[in-house]
Amino acid sequence: MKCPKCRQTIREHMDVCPRCGLPLIATDKTRYTEPLPISRLLLRSFMFLVGLLITICIFTFIGVRIHYSREAKRIEETYVNHTTQTITLDNGMTGHAISFFGTDGDMIYIEELQESYMFVGGVARVEFPDYIWFENDPSDIDSAMITLSPVLITSSREKLKLPAFSMSIPVPEAPITINTPSVDYVNVITSLTSINLKVVHGSQVIINGEDVSDKVDRSGNLSLVINIYPIGENNISIIVRTDQHKEARRDLVFFRDVMEINLELATSVSFKSNLSYMTISGKTDPGAWIEVDSLHDPDSLSVNQQTGDFSFKARFSSYGENLVKFRATMAGKKDSEISFTVNYIPSKAEYSRNAWKMDYAQLRLIYEQWHGRVFLCKGKIVDVYYENDKQYSVMDVGTGETQLIILENQSDIGSLNIGAKYEVYADVAGRLFYDAGYCPHLIARYASVVVEN
């Protein structure tokens, strides 16, 4: 109740107002402790409910903030980062790969690509060709700035929008792969040579100003035979045009010696042989004669003075590269000459038939006298190294003590692996320095893995 004079709140057990000292009688207490009117009770109830609702809203807001804070932290832990790299797709087109890192079972959805990508091994890899961001003819621009908007879709199908990011995509060049020749500058000894290349099907291909697009097959492969003249450098220009790509150009040079006397090798002549001889044929000017300056069978030489066709049987004295050299002669003109090498590798049956059992002590001493001799080498590969794109494998052929030889791998096995055991047929080439000493050097022609029981 309240004091009737000063309105000070007075507890029920008090008889005197603590502020003004007014004595209180029982009637005053009764009057001021009477029940409140219904309207005041409703007002108080309303105010209580409003306060309760406000309290609930505050706690709800705090709960939502905590939830999203936890989700943000989870996103930060899940979406650690992404990496971007330039790639070449299977069809030869240039593209980009973006790797997102997260939890297996989740997915990344890229809105701009309209594609979803699953996390496998903690990585979701997004790949796309660069041309999709450009119009048909992008010759007037150099690049495009794109923005990607990734969305993380959890295994429970919850979607969380990740930070968008931008990247610059250069205009891709029309894809072209030249398979033959393997280099841009080629020395040739024939009047005809082949060009093999691959483009995207539907591309326009122009070679030295001639449109040869109709010769491209459905897989994008193009094979042409072109004339090579004895004028020195023959320049070949290749232009490829593909929609949504900039024009690509490749220049090849085929060099053929300037010749006063025409001399060319037949295209059927191979540069490999399993036999110790090979028939060499070609054509020269009528009336010219052929002189062979490399090992051959003299009785096999034949020259048709009317047509200029000639042939002879070349012989090979060693395994591997053997020189074939011949020239055309005619009175009053400078000789024309052709030289090339033939790789002579006999069949495994014939090659292994001549193999000697390993004699390491003698091989170290008289390797020069044994040049070209075939040995059967059995042992474990203890080291592998490369020099000038050649693979050298160090093999221990010893049974008790270490006996190292160096094998130059030219076998049908692509690589000799450290720790593995092999049987290798190889011929002596000399010696090489290894690990503070010289070791016998052999050319490995045939090799097989030894499987231990």
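As the structure is a computational prediction, the values presented were derived from the model and not from experiment.

Parameters at a glance
Residues numbered from 1 in each chain as written. Predicted model: local features only at pLDDT ≥ 70, side-chain atom pairs only at ≥ 80, totals over all residues. Heavy atoms only, no water. Helix = DSSP H or I, 4+ residues; strand = E, 2+ residues; numbered from the N terminus. Buried < 20%, exposed > 50% of the residue type's maximum accessible area, 1.4 Å probe, protein only. Contact = heavy atoms within 4.5 Å. Areas by Shrake-Rupley, 256 points an atom, 1.4 Å probe, with all protein chains shown as cover. Pairing = 2+ DSSP bridges. Axes fitted to C-alpha atoms, helices over the stretch in contact; angles between N-to-C directions. Phe/Tyr/Trp six-rings, centres within 6.5 Å; stacked < 30°, edge-to-face > 60°. Lys NZ or Arg CZ within 6 Å of the ring centre and 35° of its normal.

## A closer look at the overall build of the protein chain
When helices and strands are counted, the protein chain shows four helices and 31 strands. By residue count, 38% of the 453 residues in the protein chain fall in the buried class. Relative to all contacts within the protein chain whose residues are 6 or more apart in sequence, the contacts with residues 24 or more apart total 54%. For the protein chain, the accessible surface area stands at approximately 26800 Å², while carbon and sulfur atoms represent 51% of it.

## Concerning the sheet that holds strand β24 (residues 320-329)
What the four strands build is an open sheet, ordered β19-β25-β24-β21; its pairing is mixed. In this open sheet, the two strands that pair with only one neighbour each are β19 (272-273) and β21 (289-292).

## Details of the environment of Leu323
Mapped onto the elements, Leu323 comes out in strand β24. With 17 residues separating them in the primary sequence, Leu323 and Phe340 have C-alpha atoms 5.9 Å apart. Excluding residues that lie within four positions of it along the chain, Leu323 makes contacts with Ser294, Ser339, Phe340 and Thr341.

## Things to note about the sheet that holds strand β4 (residues 115-118)
One open sheet holds the four strands; their spatial order is β4-β3-β7-β8, and the pairing between them is antiparallel. Edge positions in the open sheet fall to β4 and β8 (159-161), since each of these has one partner strand only. Sheet twist, expressed as the mean angle between neighbouring strand axes with direction ignored, is 25 degrees.

## Considerations on the environment of Ala266
Residue position: Ala266 is located in the loop between β18 (263-265) and β19. The class for Ala266 is partly exposed, based on a relative accessible area of 21%. Taking the C-alpha atoms as reference points, Ala266 and Ser311, separated by 45 residues in sequence, lie 9.6 Å from one another. If we ignore the near neighbours within four places in the chain, the residues touching Ala266 are Ser281 and Gly282.

## Here's the deal with the packing of aromatic side chains
Aromatic rings in a pair are described by how distant their centres are and how their planes are angled relative to each other. One pass over the structure, following the stated rule, counts 15 aromatic pairs. Ring centres 6.2 Å apart and planes at 55 degrees place the aromatic pair Phe100 and Phe165 in the tilted group. Taken together, the residues Phe100 in strand β2 (residues 94-101) and Phe165 in strand β9 (residues 165-170) connect sequence positions 65 residues apart. Residue classification places Phe100 among the buried residues on the basis of a relative accessible area of 0%. Plain terms: the ring middles of Tyr319 and Tyr351 are 5.0 Å apart, the flat faces sit at 75 degrees to each other, and that makes the pair edge-to-face. One end of the pair, Tyr319, is in the loop between β23 (309-315) and β24; the other, Tyr351, is in helix α3 (residues 348-353), with 32 residues separating them in the sequence. What makes Tyr319 partly exposed here is its relative accessible area of 21%. Residue Tyr351 is classed as buried on the basis of its relative accessible area, which comes to 0%. An aromatic cluster is built from Phe316, Tyr319, Tyr344, Tyr351 and Tyr446, whose rings are joined through pairwise contacts. Above the ring of Tyr277, the side-chain terminus of Lys313 is found at 5.0 Å from the ring centroid.

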